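# Coordinates in review
Now for the letters of each chain:
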Amino acid sequence: MALIEIEGLEKAFGRHRVLRGIHLTIEAGSAVVLFGPNGAGKTTLLRILATLSRPSAGRVRVAGVEIRANPEGIRRYLGLVGHMPLLYDDLSAWENLRFYARLYGVERPEARIQELLERVGLWPRRKDLVRTFSRGMMQRLAIARALVHNPPILLLDEPDTGLDPQAAEMMTTLLREVGGHARTVLMTTHHLERGLALADRVLILAGGRLVFDAEAAAVSYNDLRPLYDRYVAGGV
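First things first, this report covers the structure right here in the doc. Everything quoted here is computed from the prediction, not taken from an experiment. (Residues numbered from 1 in each chain as written. Predicted model: local features only at pLDDT ≥ 70, side-chain atom pairs only at ≥ 80, totals over all residues. Heavy atoms only, no water.)

## What about the side chain of arginine 61?
Among the structural elements, arginine 61 can be located in strand β4 (residues 57-62). There is a polar contact of 2.6 Å between the side chain of arginine 61 and the side chain of glutamate 7. Sequence-distant contacts of arginine 61, that is, excluding residues within four places in its chain, are made with Leu3, Ile4, Glu5, Glu7 and Glu66. (Helix = DSSP H or I, 4+ residues; strand = E, 2+ residues; numbered from the N terminus. Polar contact = N/O pair within 3.5 Å; in protein donor to acceptor, adjacent residues only side chain to side chain. Contact = heavy atoms within 4.5 Å.)

## Remarks on the pattern of salt bridges
A complete count under the given rule lists twelve salt bridges for this structure. In this structure, glutamate 5 engages arginine 61 in a salt bridge whose closest nitrogen and oxygen atoms are separated by 3.5 Å. You can see glutamate 5 sitting in strand β1 (residues 2-13) and its partner arginine 61 sitting in strand β4, a full 56 residues away along the chain. Of the charged contacts in the structure, one is a salt bridge between arginine 112 and glutamate 115, with a shortest N-O distance of 3.2 Å. Of this pair, arginine 112 and glutamate 115 both sit in helix α4 (residues 109-119), three residues apart, which is roughly one turn of that helix. Salt bridges sharing common partners tie together Glu5, Glu7 and Arg61. (Salt bridge = Lys/Arg side-chain N within 4 Å of Asp/Glu carboxyl O.)

## Side note on the packing of helix α5 (residues 135-147) against helix α6 (residues 165-178)
For the pair α5 and α6, interaxial distance at closest approach is 11 Å and the crossing angle is 10 degrees. One way to sum up the angle between α5 and α6 is to call them roughly parallel. Judged by residue contacts, Gly136, Gln139, Arg140, Ile143 and Leu147 of α5 engage Met170, Met171, Leu174, Leu175 and Val178 from α6. Split by residue class, the contact of α5 with α6 holds seven nonpolar, two polar and one charged. (Axes fitted to C-alpha atoms, helices over the stretch in contact; angles between N-to-C directions. Parallel < 35°, antiparallel > 145°, perpendicular 65-115°, else oblique. Nonpolar A, V, L, I, M, F, W, Y, C, P; charged D, E, K, R; others polar.)

## Considering the pairing of β1
Look at any regular strand and the pattern is simple: side chains alternate between the two faces of the sheet. Taken together, the nine bridges between β1 and strand β2 (residues 16-27) define a ladder with antiparallel strand orientation. Bridging across to β2, isoleucine 6 finds its partner in leucine 24. Hairpin connection of β1 to β2: two residues between the antiparallel strands, including glycine 14 at a positive phi of 65 degrees. Where β1 lies against β4, five bridges are found, and the strand directions are antiparallel. Across the sheet, the residue bridging to isoleucine 4 is valine 62, located in β4. (Pairing = 2+ DSSP bridges.)

Put into structure tokens, the structure is as follows:
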């Protein structure tokens, strides 16, 4: 079943075309990793899927629903971890998740919050204010926040950015755990090896176009590196 369907997607800011005719179908339960250089349009694509930005042309459907027709309803299908963690610094980890649980009308929110804080390794710090957290801890809490309403789709925009190697490895392990057959994951990253470890399918976006699409099992790091370098260098 196709959970995300994109047909002829275009996005322009003034005369600058950021996305150029994107066609993409993502099946339910798949883990798709999108690689690309800065300025390729990765964040713009995720923002459109998250209903935070409107396309200039083309169609985008989530669970069969056109995003322009019902953006509020579609947001319940989505959990987003972007460049900003969307957390309140002067609230505790528990209070942040309680706020979002109420926003989404989560049933038995206390049990759900405890489950998520334990899963992301923050249960011992549940009463601490977010402003005391490290970058890695904030990213883990942001993932818990995105999952609080148990969405079938998780959108991750470079969740490993700014993390030290130990924190990034912990993040990779966590993302493997929260994925699985019941959830569709679309993640952007610059880290080829880490992305391959998480993906069922790998894409490269360059110059606003999808220039590479393959099953992850059929692509090694040694295959992907020169392809990525060629596209980043402008050989599209």
